[in-house]
Amino acid sequence: MHTMTFAELDDWVAQQSPLIQAHAFFDAAEHFDDEGVQFHRGDLVVDSLVVSPVTVIDGNAVTSEIAYDYDVGLLVVTGNLTCDHIGRLAFDVVVGGSLYAKTICANTLNSYGLYVGGDIRCDVFAEFGCYTEVQGKIHCARVLSLMNDVVAKGGIDGALFQLRGTDVAQLLIPDVLTEDGYFDEEKFSAYVREARSPFKT
C-alpha cells in the first residue's frame, strides 16, 4: 500500500461509481493529516485487513478479518470483498462489488453503515447497530435485523427477522442471550464463528 492525501482521495472518489461517490467520505480528515489514506491498486489477499483510519482497495480484497486502529474510519473496496467474519466496526464499509463472508455480526453502535453495490452472500447475517444497504440481493437463510435497518434493493433470498429487545428469544437459543433474554453480541459471535447454529429448532 502507499499513502495518499485526503485531497487525492476526494479526486479519486469523484471518478468512481455512484455508490462510492455517495458513501466514501471521511468527516474526521483534518485530525489525520499525518496518517493520510492507505491506498492499494489491484487485488489484495491478506490475513488481516487493517483500516487505519482510511483504507482503499481499488480492486478485490480477500481477508480473514477486518481490524482497525482508530474508533473512526472508512474502508472502501471497489471490487468484491471476501472475509471470514465481520464483527464490530468503527467505520463505514463501502463495497463496490459483492460481499462474501462466512459470518456477519455487524455492529457500529449505530454510528456507521455497510454499503454494498452487488450482493451479500453469507452463512449468518445479524446486524446489531449497523445500517445495511445492498443494491443487489442478500443470500442468507435467516437475516437478523436487531437494532437498525437492513435494506436489500434486490430482495432477500431467505427470511428477514426484524426483532427488538427480548423478542429475539422467539428465534435464538438461550446460549446466545443475556440472563434477561436480550441478544448477547459476544456470545452470538463466538457461537456462529464455531459454526454452531444459534437458532431454535
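Everything numeric here is computed off the predicted structure, so don't read it as measured data.

Participant: Run through helix α1 (residues 6-13), naming residues and quoting values.
Facilitator: Among the residues of α1, F6, L9, W12 and V13 are the ones counted as buried. Down the axis of α1, the sector holding all buried residues measures 110 degrees, keeping them to one side. Seen from the open side of α1, the exposed residues pointing more than 90 degrees away from its buried face are D10 and D11. Buried residues along α1 sit against β1 (2-4), α2 (18-23), β2 (37-41), β4 (54-58) and β6 (74-77).

Participant: Just give me the short version of the side chain of T132, but keep the residues and values in it.
Facilitator: Here T132 lies in strand β12 (residues 131-134). When neighbours within four sequence positions are excluded, T132 is seen to be in contact with L114, I120, F125, E127, D149, V150 and V151.

Participant: So what about the packing of aromatic side chains? Which residues, and what values?
Facilitator: As enumerated under the stated definition, the model contains eight aromatic pairs in all. Centre to centre, the rings of F26 and F32 are 5.8 Å apart; their planes meet at 45 degrees, and the pair counts as tilted. We classify F32 as buried; its relative accessible area is 10%. Taking 4.9 Å as the distance between ring centres and 45 degrees as the angle between the ring planes, the aromatic pair formed by F128 and F183 counts as tilted. With a gap of 55 residues between them, F128 in the loop between β11 (120-127) and β12 and F183 in the loop between β15 (156-162) and α3 (185-193) connect regions that are remote in the sequence. The positively charged end of R142 is found above the aromatic ring belonging to F199, 4.4 Å away from the centroid. One Lys or Arg, R196, reaches over the ring of Y191 and ends 3.8 Å from the middle of that ring.

Participant: Could you give me a rundown of the environment of Y100, with the residues and numbers involved?
Facilitator: Among the secondary structure elements, Y100 is positioned in strand β9 (residues 99-107). Accessibility expressed as a relative area gives 32% for Y100, which makes it partly exposed. Note: C-alpha distance between Y100 and D119 (19 residues apart in sequence) is 8.2 Å. If we ignore the near neighbours within four places in the chain, the residues touching Y100 are N80, L81, T82, C83 and R121.

Participant: Describe in detail the environment of Y115, supporting the description with residues and values.
Facilitator: With respect to the helices, strands and loops of the structure, Y115 is situated in strand β10 (residues 113-116). Y115 sits in the buried class, given a relative accessible area of 12%. With ten residues separating them along the chain, Y115 and C105 place their C-alpha atoms 15 Å apart.

Participant: Give me unusual backbone geometry: which residues, what numbers.
Facilitator: Look at the link from S52 to P53: it is a cis peptide, with omega at -25 degrees. One non-glycine residue, N110, lies in positive phi territory at about 60 degrees. Take N110: it is sitting in the loop between β9 and β10. Residue N110 is classed as partly exposed on the basis of its relative accessible area of 38%.

Participant: I'd love a proper account of the sheet that holds β6, names of residues and values included.
Facilitator: Adjacent strands of a sheet pair through backbone hydrogen bonds, lying either parallel or antiparallel. Read across the sheet, eight strands follow the order β1-β2-β4-β6-β8-β10-β12-β14 without closing on themselves; strand pairing throughout is mixed. Each edge of the open sheet carries a strand with a single partner, namely β1 and β14 (150-152). Neighbour to neighbour, the strand axes of the sheet diverge by 10 degrees on average, direction disregarded. One ladder, built from four bridges, connects β10 with β12; its direction is parallel. Within β12, the position partnered with G113 by the bridge is Y131. Here α1 sits on the sheet and contacts β1, β2, β4 and β6; the angle it forms with β4, its principal contact strand, is near 40 degrees.

Participant: Summarise the sheet that holds strand β3 (residues 44-51); cite the residues concerned and give the values.
Facilitator: The strand order across the open sheet formed by seven strands is β3-β5-β7-β9-β11-β13-β15, and the pairing between neighbours is parallel. Unpaired on one side and paired on the other, β3 and β15 mark the two borders of the sheet. On average, each strand axis in the sheet is tilted by 10 degrees relative to the strand beside it, whichever way the strands run. Inspection of the sheet shows β9 paired to β11 by seven bridges, in the parallel sense. Note on β11: the bridge partner recorded for I104 is F125. Packing against the sheet, α3 makes contact with β7 (81-88), β9, β11 and β13 (138-145), and its axis sits at approximately 165 degrees to β9.

What counts, and at which threshold
Residues numbered from 1 in each chain as written. Predicted model: local features only at pLDDT ≥ 70, side-chain atom pairs only at ≥ 80, totals over all residues. Heavy atoms only, no water. Buried < 20%, exposed > 50% of the residue type's maximum accessible area, 1.4 Å probe, protein only. Helix = DSSP H or I, 4+ residues; strand = E, 2+ residues; numbered from the N terminus. Arc of directions from axis to C-beta. Contact = heavy atoms within 4.5 Å. Phe/Tyr/Trp six-rings, centres within 6.5 Å; stacked < 30°, edge-to-face > 60°. Lys NZ or Arg CZ within 6 Å of the ring centre and 35° of its normal. Pairing = 2+ DSSP bridges. Axes fitted to C-alpha atoms, helices over the stretch in contact; angles between N-to-C directions.

By themselves, these observations are geometric and do not establish any function.
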